[in-house]
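Structure at a glance
For reference, the chains in residue letters:
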Number of protein chains: 2
Amino acid sequence: MTDTGSGLLATLRAELGPEAVLTDTDVTAAYARDRMPLAPSGTPLAVVLPSDVAGVQAVVRACADAGVPVVPRGAGSGLCGGANALDGCVVLVTTKLDRILEIDPANRLAVVEPGVVNLHLREAVAKHGLFYPPDPASYDWCSIGGNLATNAGGLCCVKYGVTTDSVLGLEVVLADGSLLKTGRRTVKGVAGYDLTKLFVGSEGTLGVITQATLALRPLPQAPGTLVAAFTGTADAGAAVSRIVGEGLVPSLMEIMDAATVRAVERHLGTDLGVGTGPGALLLCQSDAGGEAARHELAAIGQVCTDAGAALVHATADLAEGNLLMEARRAVHPAIESMGAHMTDDVCVPRTRIADLIDGCGRIGAEVGLQVVVNGHAGDGNMHPTVIYDAAAEGEFERARQAFDAICELGLALGGTVTGEHGVGKFKQDWLERELGPVGLRVHRQVKRALDPHGVFNPGSMFSLE
Amino acid sequence: MTDTGSGLLATLRAELGPEAVLTDTDVTAAYARDRMPLAPSGTPLAVVLPSDVAGVQAVVRACADAGVPVVPRGAGSGLCGGANALDGCVVLVTTKLDRILEIDPANRLAVVEPGVVNLHLREAVAKHGLFYPPDPASYDWCSIGGNLATNAGGLCCVKYGVTTDSVLGLEVVLADGSLLKTGRRTVKGVAGYDLTKLFVGSEGTLGVITQATLALRPLPQAPGTLVAAFTGTADAGAAVSRIVGEGLVPSLMEIMDAATVRAVERHLGTDLGVGTGPGALLLCQSDAGGEAARHELAAIGQVCTDAGAALVHATADLAEGNLLMEARRAVHPAIESMGAHMTDDVCVPRTRIADLIDGCGRIGAEVGLQVVVNGHAGDGNMHPTVIYDAAAEGEFERARQAFDAICELGLALGGTVTGEHGVGKFKQDWLERELGPVGLRVHRQVKRALDPHGVFNPGSMFSLE
């Protein structure tokens with residue numbers, strides 16, 4: 001270890017207490033990666049777990065002084081390597097800042113620390129009849145800080161938006177250790193630049209979020225559920241376009257292509273009624289409540305029938321709805337059981353979903369691998385997943401080739417290379433491609449303005465030059 | 001005129017054609033101010049009206065080369081002096097870039113140039129059954145570009161949010177004349193920093209918006225309307241808190257204090273039933289449609305009754321609803337008829353509205369002037385208005401003293417000094433106060449990063465040092 005390294009460790013231990021500074025590589029390895037297996041990760045000098053803002057400030061100041069990068073990290077559920085360690089860095093874990101500081105029902109807001117688990121916040125506000133919408137798949141263990149850093153999405157987005165839409169204000173520790181307060185407690189406000197939304201989604205490259213004021217909604221009604229089976233992707237895509245075009249706003253609208261359906265059927269041992277062709281399954285929910293929900297689902301069902309659905313079934317019964325949703329919940333375990341896989345995260349205009357599914361089929365055929373497609377049809381955010389055999393010669397490379405071709409296709413369809421997972425240490429080249437030279441330059445200018453010495457997560461999202 | 005000035009004018013005329021470069025001070029005076037009478041304004045070197053992006057780029061490049069500031073301007077309906085000319089500047093008017101480039105109903109978006117009038121966009125998308133929510137009071141003549149620059153609000157915000165909530169992407173001419181594209185056409189996306197929302201609300205200090213991709217919603221149902229009259233502000237405030245706390249989301253919720261009510265009664269020659277005490281009137285609408293709207297208004301009515309309303313009346317009839325809304329529409333003309341006035345724009349947590357109204361009464365009494373309070377109760381954005389006699393010795397100064405005391409009160413109640421009007425060339429000191437030194441420093445860092453030579457609107461919003 002260098003003198004700088006040991007001096008820094010001594011400072012960190014003095015500031016946080018020795019128990020909050022982990023250096024045993026067997027232990028720190030658990031904090032060195034998130035859930036994206038393809039992104040590179042390094043070996044940190046230390047993993048630190050401050051339990052208050054002053055601790056975060058002390059870590060940032062000490063690292064800035066020592067010229068050691070800080071990689072902020074939440075629960076580690078990320079899917080882009082954004083929280084992956086760099087060699088010799090300090091991983092700053094925010095999970096010990098885990099207090100719900102305030103729930104204010106009359107103003108419909110909550111003030112929380114970043115380490116609060118998404119589910120815990122949901123449960124706490126539900127007791128007041130309130131709802132915190134963002135619901136990434138990992139909602140039962142991911143942290144609000146990570147959700148903020150990645151601007152997490154989920155199933156709710158079609159009706160309730162993404163994380164940034166629920167954030168009123170932040171406290172952020174900047175690269176010099178100073179504490180910035182952004183935004184406000186009011187639902188409106190135009191005093192100055194919208195720094196809040198600049199930090200949301202900045203993937204730990206601009207600062208460490210230490211507190212957030214979050215807007216809450218009324219708790220929705222128990223949802224009614226509709227399932228529609230199509231014998232062709234074009235019909236399913238047309239149904240999605242028409243549902244959106246007719247102004248219907250389901251609270252959930254998920255799509256699975258035929259390959260996903262078959263994987264789920266194998267996994268659950270049931271027949272989902274799509275048949276053996278290039279079909280697709282659409283799952284919708286309405287949380288409008290009572291008669292309104294029945295009307296909404298009836299209208300969605302009519303659109304599906306008109307678009308050529310082979311089967312449409314709707315239910316207001318919560319238990320039956322949960323049973324129908326079982327197919328959606330089985331997608332991840334079903335894919336897990338198929339072997340190694342790379343899950344992409346393109347988002348396309350909602351009218352181009354069928355084109356994306358069909359294109360993914362062609363890409364899979366070209367590389368000789370299966371690509372299963374499922375995703376959030378309501379907002380066009382699709383997760384094509386390439387299945388491969390990690391032990392088979394050349395399959396990883398072909399899978400990666402397919403993965404990149406899917407990003408390319410997403411852009412060609414007028415979409416983005418990442419709808420909700422982020423860029424991190426994995427999609428930097430694709431971000432550069434999507435932003436173009438002017439966009440990249442502005443990103444670098446903003447980064448340099450707020451973090452001139454590259455303290456925070458350098459090289460993640462984009463290179464500094 | 002300096003050599004620099006005449007050289008720049010020659011360049012501008014060559015680039016845009018002579019008819020698009022105005023220098024006659026009788027003509028340019030019409031472009032030198034917005035609608036905030038208290039903000040300073042200067043005499044521009046020229047007012048230019050480019051009609052395409054290349055023209056905007058040419059103007060910015062020429063001005064940057066000449067070291068002459070550019071003040072971007074829309075229709076001029078602003079209320080903070082943000083578009084007011086600086087001495088010797090070039091006012092860049094975007095009203096000639098006025099095309100609706102695309103309406104895509106299936107993806108529920110529109111692509112527009114900044115000069116499109118808000119009302120024209122509303123009408124154009126309504127033909128497709130779609131809705132562009134932001135509805136500032138000047139919606140029938142303000143431009144989308146100005147709405148974007150100020151992150152405009154309006155009556156819709158309680159349910160549908162402010163301008164930034166409807167923006168998917170932008171094209172912006174930067175300080176070096178290059179063209180930045182931000183955001184995307186998809187409803188979700190996390191590729192890079194959220195530059196879109198950084199430019200929205202930046203009041204012409206970071207670039208010139210030349211195109212916007214806007215998210216549209218389904219056209220709501222014709223609204224049902226409810227009016228509730230209270231004999232005390234505390235009761236009215238409690239009703240607002242409970243409506244929000246119970247998870248009700250009206251599509252409009254406006255409040256008028258007793259002084260506003262009496263001004264409106266005088267103006268309309270009617271009795272609004274509030275009596276002569278320190279009462280208040282609450283106006284709510286629900287656009288949920290049919291039975292859902294009736295339920296929503298019934299629930300709101302019950303809350304108002306429980307909170308002590310002296311009178312509650314709801315109607316599903318559109319014509320009768322319009323009649324009830326007449327009182328709200330009469331607020332501005334009623335205030336106009338009272339004499340000179342300064343309209344403030346604080347936004348407080350929704351639970352503190354009664355405190356704000358009562359505090360404004362005290363402030364008025366202290367300076368010996370009347371302060372009438374009305375505003376968007378649903379989001380706490382209040383417009384206390386100080387009435388004064390411009391000809392009376394010392395009244396302007398006392399009015400300004402009351403105005404500042406109202407900003408102070410807004411902050412003390414946990415609010416912001418501007419909910420929707422902006423900072424511009426009027427509230428810079430208050431912005432500095434609200435942001436604090438770290439927030440101000442970050443604003444300056446962002447400004448310098450994107451506009452290092454201070455081309456755009458220098459000194460507006462905040463000073464560069």
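Residues numbered from 1 in each chain as written. Chains lettered and ligands numbered in written order. Predicted model: local features only at pLDDT ≥ 70, side-chain atom pairs only at ≥ 80, totals over all residues. Heavy atoms only, no water.

1. Topic: the relation of the copies chain B and chain A
Superposition record for chain B on chain A: RMSD 0.0 Å, screw rotation 180°, translation along axis 0.0 Å. Look at the turn and shift together and you get a two-fold axis relating the two. An overlap of 100% is found between the interface residues of chain B and their copies at the interface of chain A, pointing to a shared contact surface. (Least-squares fit on C-alpha atoms with pLDDT ≥ 70 in both. Contact = heavy atoms within 4.5 Å.)

2. Let's talk about the packing of helix α8 (residues 233–245) of chain B against helix α13 (residues 353–367) of chain B
Residues and elements named next belong to chain B. At a minimum axis distance of 8 Å, the contact between α8 and α13 shows a crossing angle of 155°. Relative to α13, α8 is oriented roughly antiparallel. The handedness of the crossing between α8 and α13 comes out as right-handed. Of the residues in α13, those in contact with Thr233, Ala234, Gly237 and Val240 of α8 are Ile353, Ala354, Ile357 and Asp358. (Axes fitted to C-alpha atoms, helices over the stretch in contact; angles between N-to-C directions. Helix = DSSP H or I, 4+ residues; strand = E, 2+ residues; numbered from the N terminus. Parallel < 35°, antiparallel > 145°, perpendicular 65-115°, else oblique. Left-handed = near helix turned anticlockwise from the far one by under 90°.)

3. Quick look at the side chain of arginine 350 of chain A
Summarising the element assignment, arginine 350 of chain A is placed in the loop between β16 (340–343) and α13 (353–367). An unpaired buried charge is present at arginine 350 of chain A: no salt bridge exists, and aspartate 379 of chain A, the closest side chain of opposite charge, is 6.8 Å distant. Setting aside its immediate chain neighbours within four residues, arginine 350 of chain A contacts Val240, Ser241, Val244, Ala377, Gly378, Asp379 and Gly380 of chain A together with Asn107, Arg108 and Val187 of chain B. (Buried < 20%, exposed > 50% of the residue type's maximum accessible area, 1.4 Å probe, protein only. Lys, Arg positive; Asp, Glu negative; His and termini not counted. Salt bridge = Lys/Arg side-chain N within 4 Å of Asp/Glu carboxyl O.)

4. Examining the interface of chain B and chain A
Residue-level contacts link 74 residues of chain B with 74 residues of chain A. When the area that chain B buries against chain A is broken down by residue, the three leading residues are Lys188, Val190 and Tyr193 of chain B, summing to 17%. Where chain B packs against chain A, one counts six salt bridges. The residue lysine 188 of chain B makes a salt bridge to glutamate 420 of chain A at a minimum N-O spacing of 2.6 Å. Counting the contacts that link chain B with chain A gives 22 residue pairs in polar contact (both at pLDDT 80 or more). Within the residue set of the side of chain B that touches chain A, elements represented by two or more residues are β9 (179–183), α7 (195–199), α8 and α15 (428–450) of chain B. Top contributing element to the side of chain B that touches chain A by residue count: α15 of chain B, with 13 residues. Its residues assigned to classes, the side of chain B that touches chain A shows 32 nonpolar, 28 polar and 14 charged. (Buried area = accessible area lost by both parts, 1.4 Å probe. Polar contact = N/O pair within 3.5 Å; in protein donor to acceptor, adjacent residues only side chain to side chain. Nonpolar A, V, L, I, M, F, W, Y, C, P; charged D, E, K, R; others polar.)

5. Let's talk about the domain arrangement of chain A
Residue and element names in this part refer to chain A. Along its sequence, chain A is organised into domain 1 (3–93), domain 2 (100–218), domain 3 (224–412) and domain 4 (427–465). Here the C-alpha centroids of domain 2 and domain 4 sit 24 Å apart. Across the contact, 13 residues belong to domain 2 and nine residues belong to domain 4. Carbon and sulfur atoms make up 72% of the area that domain 2 and domain 4 hide from each other, which totals about 890 Å². Counting the surface domain 2 buries against domain 4, the share from its top three residues, Ala175, Thr205 and Leu206, is 55%. At the boundary of domain 2 with domain 4, the tally comes to zero salt bridges. Its residues assigned to classes, the side of domain 2 that touches domain 4 shows seven nonpolar, five polar and one charged. (Domains from an automatic or database assignment.)

6. Comments concerning the pattern of salt bridges
Residues and elements named next belong to chain A. Enumeration according to the criterion identifies 34 salt bridges over all chains in this entry. As a salt-bridge pair, arginine 185 and glutamate 102 come within 2.7 Å of each other at their nearest N and O atoms. With a gap of 83 residues between them, arginine 185 in the loop between β9 (179–183) and α7 (195–199) and glutamate 102 in strand β5 (residues 100–104) connect regions that are remote in the sequence. A relative accessible area of 28% places glutamate 102 in the partly exposed class.

7. Observations concerning the UniProt feature "domain: FAD-binding PCMH-type" (unreviewed entry) in chain A
When the UniProt feature table is mapped to this numbering, "domain: FAD-binding PCMH-type" (unreviewed entry) covers residues 40–219 of chain A. Helix and strand shares over residues 40–219 of chain A are 22% and 24% respectively, and the end C-alpha atoms of the span are 40 Å apart. (UniProt positions renumbered as here; feature names shortened; annotations may be inferred.)

8. So, helix α14 (residues 395–412) of chain B
All names here are of chain B. For α14, with 18 residues, the first-to-last C-alpha span of 25 Å sits near the 26 Å given by 1.5 Å per residue. Taken together, the buried positions of α14 are occupied by Glu395, Ala399, Ala402, Phe403, Ile406, Cys407, Leu409, Gly410 and Leu411. Next to the buried residues of α14 lie β16 (340–343), α13, β17 (370–372), β20 (385–388) and α15. Where α14 terminates, the next one or two residues include glycine 414, which has phi positive at roughly 85°. (Expected span 1.5 Å × (residues − 1).)

9. Concerning the pairing of strand β10 (residues 208–215) of chain B
Residue and element names in this part refer to chain B. The element β10 is largely enclosed, with a buried count of seven among its eight residues. Inspection of the sheet shows strand β6 (residues 109–112) paired to β10 by four bridges, in the antiparallel sense. Note on β10: the bridge partner recorded for leucine 109 is alanine 215. The pairing of strand β8 (residues 167–173) with β10 spans six bridges and is antiparallel. In the strand pairing of β10, valine 173 is matched with valine 208. (Pairing = 2+ DSSP bridges.)

10. Some details on the packing of helix α1 (residues 3–16) of chain B against helix α3 (residues 53–66) of chain B
Residue and element names in this part refer to chain B. In the contact formed by α1 and α3, the axes pass within 10 Å of each other and the chain directions differ by 165°. Taken together, the axis directions place α1 and α3 in an arrangement best described as roughly antiparallel. Both α1 and α3 take part in a crossing whose hand is right-handed. Residue-level contacts link Thr4, Leu8, Thr11, Leu12, Glu15 and Leu16 of α1 to Gly55, Ala58, Val59, Ala62, Cys63 and Ala66 of α3. Tallied by class, the residues present in the contact of α1 with α3 amount to eight nonpolar, three polar and one charged.

11. As for the sheet that holds β8 of chain B
All names here are of chain B. Read across the open sheet, the five strands follow the order β5-β6-β10-β8-β9; overall the sheet is antiparallel. Edge positions in the sheet fall to β5 (100–104) and β9, since each has one partner strand and no second. Mean inter-strand twist for the sheet, computed between neighbouring axes without regard to direction, equals 10°. In this structure, β5 lies alongside β6, joined through four bridges in antiparallel fashion. Across the sheet, the residue bridging to isoleucine 103 is alanine 110, located in β6.

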